[in-house]
Amino acid sequence: MRELVKFIAMSLVDDPDQVEVTEIPGDHMIIIELRVAPEDMGKVIGKQGRIAKAIRTVVKAAAVKEKKKVTVEIV
Amino acid sequence: MKVVESSGKTVDEAILMAVAQLGVQRDNLDIEILEEPVKGLFGIIGGKDAKVRASIKRTMGDDAKEFLTELLTHIGVEAIIDVNESDDRISIDMKGRGMGLLIGHRGETLDALQYLTSLAVNNEERGYKRVALDTENYRRKREETLKRLAKRLGYKVAKTRKRISLEPMNPFERRIIHTALQSDSYVRTYSEGEDPYRRVVIAVK
């Protein structure tokens, strides 16, 4: 799941080297924290969060397959 | 990527050879000149042919395919990805098992995948091509479903004279409803609310 978010983020930003993704496992839920360069924030969030929403939708589909609940936080 | 090396009396001739071998337009090739031709004595003895290396340029469609292939691998779904590219559009079709997962509720996952692919492929330097992603004919089936829904609800509104507000839809789907009832004599349509909750309303004329 971490690799999925990392791959998407790296494909969208100008500075892929600064993409950092950490996975915080929990009993019922996995939290994925995504960090990018400050200049690239807009590239993973988008107008009215449209890009962030698309990332979450795709991650949700992947999570269904693994029967886990996943949230993506952009920090 | 396909690469050939070819030679000819002149650089142009060598390039023509490469074009013939690869079967693609000159514009779609990157040409590297390996050797300039050397004229021999009397144009016969000791002359050397021109030599070029030609490679087929990576297109935005190639990038789209690569992006989606890797994305699906990470999601854990295997699919055959077919790409059709024109000057302003990249049409992609996915085939395989478990495509329902990639479509999602009312196509929301398919739309998200399409949007991310478009973002990954388009940029200022290369220009813009519209990305259209589909699987199992979902887009056409959805369009037909919406058209039927529009006609049915249009009839109901005309009969009851009560307006009906549809569920929220994206601009593309709203347009299908508007178009389906455009020439209806009894009802009219309009949209209200803000995206992503904007919805079509059908009312009597």
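Note that this is a predicted model, so its numbers are computed, not measured.

Peer 1: For this particular structure, what's the right way to read helix α5 (residues 138–160) of chain B?
Peer 2: Residues that lie three or four places apart on an α-helix share one face, since the helix turns once every 3.6 residues. Under the 1.5 Å per step criterion, the end-to-end length of α5 of chain B is 32 Å for 23 residues, consistent within 8% with the ideal 33 Å. Arg161 of chain B occupies a position one or two residues after α5 of chain B and carries a positive phi of about 60 degrees.

Peer 1: So what exactly am I meant to see when it comes to the nonpolar core here?
Peer 2: Side chains that are nonpolar tend, in soluble globular proteins, to be buried together. Core analysis: the biggest nonpolar cluster contains 48 residues, and Leu4 of chain A together with Leu71, Ile75 and Leu116 of chain B have the highest contact counts within it. In this structure, Ile75 of chain B is in contact with Leu4, Val58, Ala62 and Lys65 of chain A together with Leu101, Leu102 and Leu113 of chain B, ignoring residues within four places of it in sequence. If you look at the next biggest cluster of nonpolar residues, it comprises 14 residues, including Leu146, Leu153, Leu181 and Val200 of chain B.

Peer 1: Hey, could you run me through helix α2 (residues 60–75) of chain B in this one?
Peer 2: In this model, α2 of chain B (16 residues) spans 22 Å end to end at C-alpha, consistent with the 22 Å of a helix rising 1.5 Å per residue. Remark: Gly76 of chain B follows α2 of chain B within two positions and exhibits a positive phi of approximately 95 degrees.

Peer 1: What's the story with the domain arrangement of chain B in this structure? I'm lost.
Peer 2: Interfaces are often described in size by the accessible area the parts lose on coming together. Examined at the domain level, chain B breaks down into domain 1 (3–56), domain 2 (60–136) and domain 3 (140–204). The centre of domain 1 of chain B, based on its C-alpha atoms, is set 37 Å off from the matching centre of domain 2 of chain B.

Peer 1: Explanation requested: the sheet that holds strand β3 (residues 69–74) of chain A in the structure shown.
Peer 2: Picture the strands of a sheet paired through backbone hydrogen bonds; they go either parallel or antiparallel. Residue and element names in this part refer to chain A. Pairing is mixed in the open sheet, where three strands are placed in the order β1-β2-β3. In the strand order of this sheet, the two ends are held by β1 (20–25) and β3, each with one partner. Neighbouring strand axes in the sheet, compared pairwise and without regard to direction, differ in orientation by 20 degrees on average. Pairing of strand β2 (residues 29–35) with β3 involves six bridges; the strand directions are parallel. Pairing of Ile31 across the sheet is with Thr71, part of β3.

Peer 1: Is there a simple way to explain the packing of α2 of chain B against helix α4 (residues 108–121) of chain B in this structure?
Peer 2: All names here are of chain B. Running from N to C, α2 and α4 cross one another at 130 degrees; their axes reach a closest spacing of 9 Å. By the angle between their axes, α2 is oblique relative to α4. Note that α2 runs across α4; the crossing there is right-handed. Together, Met60, Asp63, Ala64, Phe67, Leu68, Leu71 and Ile75 of α2 and Leu113, Leu116, Thr117, Ala120 and Val121 of α4 make up the contact between the two elements. The residue makeup of the contact of α2 with α4, split by class, is ten nonpolar, one polar and one charged.

Peer 1: Any chance you could explain the environment of Arg139 of chain B here in plain terms?
Peer 2: Residue and element names in this part refer to chain B. Of note, Arg139 is situated in helix α5. Between the C-alpha atom of Arg139 and that of Ala150, which follows or precedes it by eleven residues, the distance is 16 Å. Ignoring any residue separated from it by four or fewer positions in sequence, one finds Arg139 in contact with Leu110, Asp111, Gln114, Leu133 and Asp134.

Peer 1: Please clarify how the pattern of salt bridges should be interpreted in this entry.
Peer 2: Should their charged atoms come close, side chains of opposite charge can pair. Residue and element names in this part refer to chain B. Tallying each qualifying case throughout the model produces 19 salt bridges over all chains. A salt bridge links Lys95 to Asp82, with the nearest nitrogen and oxygen atoms 3.6 Å apart. Here Asp82 lies in strand β4 (residues 80–85) and Lys95 lies in strand β5 (residues 89–95), a separation of 13 residues in the sequence. Of the charged contacts, one joins Glu85 and Lys129 as a salt bridge, the two residues approaching to 2.9 Å between their closest N and O atoms. With Glu85 in strand β4 and Lys129 in the loop between α4 and β6 (130–135), this residue pair connects regions lying 44 residues apart in the sequence. Lys129 gets classed as buried once you look at its relative accessible area, which sits at 13%. One continuous salt-bridge network, built from bridges that share partners, spans Arg58, Asp63, Glu66 and Arg126.

Peer 1: Help me out: how do you make sense of the interface of chain B and chain A in this one?
Peer 2: Taken together, the contacts link 16 residues of chain B with 17 residues of chain A. Contact between chain B and chain A buries roughly 1600 Å² in total, counting both sides, with carbon and sulfur atoms accounting for 78%. A per-residue breakdown of the area chain B buries against chain A is headed by His74, Tyr115 and Leu116 of chain B, which together make up 33% of the total. Our count for the contact surface shared by chain B and chain A stands at one salt bridge. Between Lys60 of chain A and Glu108 of chain B there is a salt bridge, and its shortest N-O distance comes to 3.6 Å. Linking chain B with chain A are one residue pair in polar contact (both at pLDDT 80 or more). Mapped onto the side of chain B that touches chain A, the elements with two or more residues apiece are α2 and α4 of chain B. No other element matches the eight residues that α4 of chain B contributes to the side of chain B that touches chain A.

Rules behind the numbers
- Residues numbered from 1 in each chain as written.
- Chains lettered and ligands numbered in written order.
- Predicted model: local features only at pLDDT ≥ 70, side-chain atom pairs only at ≥ 80, totals over all residues.
- Heavy atoms only, no water.
- Helix = DSSP H or I, 4+ residues; strand = E, 2+ residues; numbered from the N terminus.
- Expected span 1.5 Å × (residues − 1).
- Core = buried A, V, L, I, M, F, W, Y, C linked by side-chain atoms within 4.5 Å.
- Buried < 20%, exposed > 50% of the residue type's maximum accessible area, 1.4 Å probe, protein only.
- Contact = heavy atoms within 4.5 Å.
- Domains from an automatic or database assignment.
- Pairing = 2+ DSSP bridges.
- Axes fitted to C-alpha atoms, helices over the stretch in contact; angles between N-to-C directions.
- Parallel < 35°, antiparallel > 145°, perpendicular 65-115°, else oblique.
- Left-handed = near helix turned anticlockwise from the far one by under 90°.
- Nonpolar A, V, L, I, M, F, W, Y, C, P; charged D, E, K, R; others polar.
- Salt bridge = Lys/Arg side-chain N within 4 Å of Asp/Glu carboxyl O.
- Buried area = accessible area lost by both parts, 1.4 Å probe.
- Polar contact = N/O pair within 3.5 Å; in protein donor to acceptor, adjacent residues only side chain to side chain.

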